[in-house]
Amino acid sequence: DCWLDLSTPWAPWHEEGISMPALCVPLSCLGCGAGLGTYLGPLLEQQQPRPLQEQQHQQQHQQQQQHQQQQQQSPGSSAARGGGATADGGGAAGAGSAGDEVPPRGAATVSTDVEQDAVWLNSLVEILWPRVDKYLKILVEDRIKPAINEALPQAMRGSITIERLSLGQATPHFGSFKIRQRSDEAIILDLKVDISSNLDVKIKAMQIPLGIRAFTFHGTLTVCLRPPASKPPFFGGLEIYFINPPDLDIDFTGAANVVDFQMLKGIVHDTLIQLVSNAMVVPARIAHDLVEDDDVGVADLKCPEPVGVLRLLVKSGADLKAADYNIFSGKTSDPYVSVRVGQQTWRSQTIMKTTSPVWAHGNVADFLVYDVGQTATVRVLDEDKMSQDDLLGEARAVDLSRVAAAKAGVVDKTLPLADRCGGQQGSLRVSMRWFCLTEEVPVHGISQAVARGPSQLMLRAKFEDVCGQMPATSPAPFFVRLTVSDGRSQDFTAMTRASHAYPVKAASEDLRRVCLSLSRRGDKPEAVAAITGLTPGEVERIIGKETNAAVTHELSNKDKSTNPCFRQTLRLLLPWTAEMMNHAVVRIEIVDNKRRLVGNFVEEKLMHIASKELRGPFSILSQVSLEGTLSARWLQLPS
């Protein structure tokens, strides 16, 4: 069993006047929808009106009884076998009696669909919602508003102002959830999330008012507990992410309903989707390392290894919608295909003047897949030179698990296409194939199946921390840019997210008081550090928080420039041609927030990395280096 320790003080509980006793809650209780709700129910009692509390308790009790009866009646249930997971949550990680059958590797040892609301979680969110509302206002100013401004045409930049912002009263709703165990022993919790909020947002663009009155958000949020550990909390890390991009819809008012502002409406919508995807759609995720002394660090949790590579070949379309009119051929279209898998997008070549296109070139792409539950979105659009491209039809949620299960076989599919209203709009023929990734160098040659595609290997670049002080002339945050070039045809490029300050453990209250006392006595940070065992930087941080905001801001900027951290992994799918073997060079650069090069770049032959892992540190300046590793993974057919 896995346990969640709720005994440590946590500010949100105490601010709401809730007394938190020392207790541990079995996470396996989540498997039946009870357990954790039972523990939290009395704690939330004072926060809810009595009738609502009684109704939730009665509903939870009835559904728990129904779930127990279903398990007892089911001949294949663990209760019928006389052991294993019980209705009160014992054995969520596959624990049971010695006589239980051991499921095959890769199967889910526990998979329980709970057809009820996560009442305890919804109650918790209601309490936290006012704080989320305050945080959103900070997020809008710091990230959303700059991102929208950056996406605007040059003439409109700097004209966006947020005059009013509130999330409204409607809180997120968590629906049914499922607990399962992956083949790597990771425990997975899938939660359905629905937000229908009556927003109150007023924006001005070029002095013209623009409002948002409603916001809907639907998706499945995944919580992953891995890797397994032999001591509490029995897993080494926590990850939160969306396997597939959530659905987002915004209801605009005011000038957004005017034709001239349709462009702005699209920019705001697409920017919000992109921000969510960059933060929480695989491979991105929120991650926290719970066991610091194991082999899995934050970089491994935030950037897990892909489970395979999907190769998709676009063949032909039939009976597509005619979006153009040609004086010689009548109604027609200029179709091309756009495919999205997670955060990766690809576009095919355009076939001119036809509603039954056949693709022979520029029609194949490879995608890294991080979870077999991922789906692909395939769209066919009409290319327009003078206006926005028209949607001819799309196939959403194309299942990839069947392609992975097909092993070395090719899966041919005819995808029915639909417009935004669900109407039939022709079809698209595609072929898909699945490849695995291996560290073994193909010394006997690359198979024909792998060779007949755009990529044969994946370059993996893991970047950790910078050792040393970055130049004062280079403002933080910093980025690592990775480029692979053969010097002739094309470059392959990827860039990390912004660096962050080196994480510093919080000092205890007693140690903080000692630092402040010594500082008031006149001791310098170096002397205080020698007495307390802290570093001078940690002492300055403690003292700075007690002085003023300007000092704190200065220390924050200094933290970001001293030993900046990346702890990220970049991956590039690459071809293995004669040019790449003989001429390709891998370049590592650090750039500042103005995208200016900091120090020197580092170059290494791709051939050397393909045959053997290259370990840093990589020297950037005379006293500044970047910790990291470069390695290769090769595509191969599943065994």
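Per chain, residue numbering runs from 1 following the sequence as it is written. In keeping with the model being predicted, local features are shown solely for residues with a pLDDT of at least 70 and side-chain atom pairs are shown and tallied solely at 80 or more, while totals for entire chains, interfaces and linings include all residues. Excluded from the side-chain calculations are hydrogens and water; all other atoms, namely the structure's heavy atoms, are used.

A.B. asks: Please explain the overall build of the chain as it appears in this structure.
C.D. replies: A helix here means a DSSP run of H or I that spans at least four residues, while a strand means a run of E at least two residues long, and both kinds are numbered starting from the N terminus. A count of helices and strands for the chain gives 15 helices and 30 strands. When the 639 residues of the chain are sorted by exposure, 44% land in the buried category. Exposure is judged per residue with a 1.4 Å probe applied to protein chains only, and the accessible area is read against the type maximum: over 50% gives exposed, under 20% gives buried, and values in between give partly exposed.

A.B. asks: When you look at the packing of aromatic side chains in this model, what are you seeing that I'm missing?
C.D. replies: Both the distance between ring centres and the angle between the ring planes are used here to describe each pair of aromatic rings. In this scheme Phe, Tyr and Trp rings, the latter by its six-membered ring, pair at centre separations within 6.5 Å, and the angle between planes marks the pair as stacked below 30 degrees, edge-to-face above 60, and tilted otherwise. Scanning the entire structure with this criterion turns up two aromatic pairs. Centre to centre, the rings of Phe217 and Phe242 are 5.8 Å apart; their planes meet at 65 degrees, and the pair counts as edge-to-face. Placement of Phe217 in strand 8 (residues 208-228) and of Phe242 in strand 9 (residues 235-242) is noted, with a sequence separation of 25 residues between them. In this structure, Phe217 and Phe242 share a single accessibility class: buried. Ring geometry for Trp576 versus Trp634: centroids 5.3 Å apart, planes at 90 degrees, classification edge-to-face. Taken together, the positions of Trp576 in the loop between strand 25 (565-574) and helix 14 (578-583) and Trp634 in strand 30 (residues 624-636) put the pair 58 residues apart, joining distant regions of the chain. A residue is classified by how much of its surface remains accessible, and Trp576, at 15% relative accessible area, is buried. Looking at Trp634, the relative accessible area reads 3%, which means it is buried. For a ring to carry a charge above it, either NZ of a lysine or CZ of an arginine must fall within 6 Å of the ring centroid while also lying within 35 degrees of the normal to the ring plane. Of note, Arg285 hangs over the ring of Tyr241, and the distance from its end group to the ring centre comes to 4.0 Å. The ring of Phe479 is capped by Arg595, whose NZ or CZ atom sits 4.1 Å from the centre of that ring.

A.B. asks: Help me understand the environment of Leu320 in this model?
C.D. replies: Here Leu320 lies in the loop between strand 12 (308-318) and strand 13 (324-326). Since its relative accessible area comes to 6%, Leu320 is described here as buried. Leu320 sits 37 residues away from Pro357 along the chain, and the two C-alpha atoms are 8.7 Å apart. Only heavy atoms enter the contact rule, under which two residues are in contact if any of them lie within 4.5 Å. Excluding its chain neighbours within four sequence positions, the residues that come into contact with Leu320 are Pro335, Thr355, Pro357, Val380, Leu417, Gln425 and Ser427.

A.B. asks: Please explain the sheet that holds strand 24 (residues 491-495) as it appears in this structure.
C.D. replies: To summarise the sheet geometry, strands pair through backbone hydrogen bonds and adopt either a parallel or an antiparallel arrangement. By definition, two strands form a pair when at least two bridges between them are found by DSSP. Strand order in the open sheet formed by four strands is 24-23-26-27, and the pairing between neighbours is antiparallel. Looking at which strands have only one partner, the edges of the open sheet turn out to be strand 24 and strand 27 (602-605). With strand direction ignored, the average angle separating the axes of adjacent strands in the sheet is 15 degrees. Alignment of strand 26 (residues 585-591) against strand 27, held across four bridges, turns out to be antiparallel. Paired with Ile588 across the strands is Val602, a residue of strand 27. To get an axis, fit a line to the C-alpha atoms, keeping to the stretch in contact for a helix; angles then go from 0 to 180 degrees between the N-to-C directions.

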